[in-house]
Amino acid sequence: MSLTQILLIVFLLFALSRVTLQYKSGNLSLLSFLFWSFLFAAAVYLTAFPDQASRIAQLLGIGRGVDAVIYISIAVLFYLVFRLYVYLENVRQEITDLVRKLALDSNKKNGRKKSKN
Amino acid sequence: MKLLVAIPAFNEEKMIAQVIKSIPGKIAGIKKRDILVVDDGSTDRTFEKAQKHGAIVVRHIINRGLGGAIKTAMDFARREGYQILITIDADGQHEPGSIPLFIKKVIDSHKDVVVGSRWLKAGSAPRTRIIVNKLANLLTYFFYGINTSDSQSGYRAFGPKALDRVRLQADGMEVSSEVFREIAKNRLSYAEIPIRVIYTEYSKAKGQRITNAPKIILQLLVRLFK
């Protein structure tokens, strides 16, 4: 096993431990935990046994194992960026809903106060 | 009928008083007319000036964008039982004198949504505005199947049926295109009336820029697919 492989595996294991910690502290749902664990575990496996990547590449009709890993990684990354964008949009919208509710409630309250006076 | 004229405003202390003052008081077919300023998190004296000139003011504690302000105006109109809502820009580019024409279309011609179009009347507009608008009109037709000459106009009237049914989601400038989605979805009747727009250096600096276009397209796409 080369030094690059070892360093990469150490980093991926570190990432895997973060996923577990985030799940334990309740910041990740079970589904997200399973998804990220699978992703990092698969990366550890393919880094440790690059020949397996070549077998997957042959199955997919792509020449080299490394190419298959890169293609799949890019597709997954694109999808994750899209999910992140949608998530941020939702958070933005929730903030707006909150700001709007506060504004309307405050106006109602002030209206009531005025009509009492 | 009860009419609410809503002015979404963000840092408009220079123009807001003038816009409020020029809104007609008596309009045929309207028993009660109120002015609502949605202060969208302004950091200047927009709130105080609007209040001083007799408008009802609802204040967002932080800036949320044009869509957020229009949604607040719609909720306010529904809550307080208004039957017609008109939205008008706060930068002084729209002539409030055209409001009776909108009302006439809603009441006499029974139109649910009336949009003031800048392109039905001859006049000069900055070239970038023309390009942005043409692109936006094309996308509105592509996404929602409605042929409009001005999909980005902020001068609109919503009749009782539209007020009841239109549910907007967007927070930013893309709300203008979203209005057309709601027209199509709820099968609302739609009309355009020609309006004159006063382009000043001030209003040009405040309006949509061509650089907003990619963001608007991306957000409309995300809304379609999410």
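Residues numbered from 1 in each chain as written. Chains lettered and ligands numbered in written order. Predicted model: local features only at pLDDT ≥ 70, side-chain atom pairs only at ≥ 80, totals over all residues.

Going by what an unreviewed UniProt entry lists, chain B is known as Family 2 glycosyl transferase and is assigned to Candidatus Gottesmanbacteria bacterium GW2011_GWA2_43_14.

By the naming in an unreviewed UniProt entry, chain A goes by DUF2304 domain-containing protein and is assigned to Candidatus Gottesmanbacteria bacterium GW2011_GWA2_43_14.

Quick look at the UniProt feature "transmembrane region" (unreviewed entry) in chain A now. The sites that UniProt annotates as "transmembrane region" (unreviewed entry) are residues 28-48 and 68-88 of chain A. Helix makes up 90% of residues 28-48 of chain A and strand makes up 0%, while its end C-alpha atoms are separated by 27 Å. (UniProt positions renumbered as here; feature names shortened; annotations may be inferred. Helix = DSSP H or I, 4+ residues; strand = E, 2+ residues; numbered from the N terminus.)

This part is about the interface of chain A and chain B. Contact with chain A, which involves 12 residues of that partner, is made by 15 residues of chain B. For the side of chain A that touches chain B, the per-class residue count stands at 6 nonpolar, 3 polar and 3 charged. (Contact = placed C-beta atoms within 7 Å. Nonpolar A, V, L, I, M, F, W, Y, C, P; charged D, E, K, R; others polar.)

Residue and element names in this part refer to chain B. Counting residues in hydrophobic clusters, the biggest one holds 56 residues, and the most contacted among them are L36, V37, A73, L85 and I86. When residues of this core are assigned to their parent elements, the largest contribution, 7 residues, is made by helix α3 (residues 66-79). Those residues in contact with V37 that lie beyond four places of it in its chain are I7, A9, I16, A50, A55 and V57. (Core = buried A, V, L, I, M, F, W, Y, C linked by C-beta atoms within 7 Å. Buried ≥ 20, exposed ≤ 12 C-beta atoms within 10 Å, placed from the backbone.)

Residue and element names in this part refer to chain B. Here the phi dihedral of H110 falls at roughly 55°; this positive angle occurs in a residue that is not glycine. When you line up the elements, H110 lands in the loop between α4 (99-107) and β5 (113-117). Looking at H110, the number of C-beta atoms within 10 Å reads 11, which means it is exposed. Even without a glycine there, the phi angle at R187 is positive, about 50°. As for its placement among the helices and strands, R187 is situated in the loop between α7 (175-185) and β7 (190-194).

Looking now at the domain arrangement of chain A. On domain assignment, one finds that chain A holds domain 1 (1-48) and domain 2 (66-116). For domain 1 of chain A and domain 2 of chain A, the distance between their C-alpha centroids amounts to 28 Å. (Domains from an automatic or database assignment.)

Here we come to the sheet that holds strand β6 (residues 156-158) of chain B. Adjacent strands of a sheet form backbone hydrogen bonds with each other and so pair up, either parallel or antiparallel. Residue and element names in this part refer to chain B. Overall, mixed pairing links the 7 strands, which are arranged β3-β2-β1-β4-β6-β5-β7 in an open sheet. Edge positions in the sheet fall to β3 (56-60) and β7, since each has one partner strand and no second. Put simply, the sheet's adjacent strands are angled 20° from each other on average, direction ignored. (Pairing = 2+ DSSP bridges. Axes fitted to C-alpha atoms, helices over the stretch in contact; angles between N-to-C directions.)

Turning our attention to the pairing of β5 of chain B. All names here are of chain B. Burial analysis of β5 places 5 of its 5 residues in the buried class, which makes it a mostly covered element. Neither face of β5 is open: one carries V113, V115 and S117, the other V114 and G116, and all of them are buried. Where β5 and β7 come together, 5 bridges link them in parallel fashion. Opposite V114, over in β7, you have A191 as the bridge partner.

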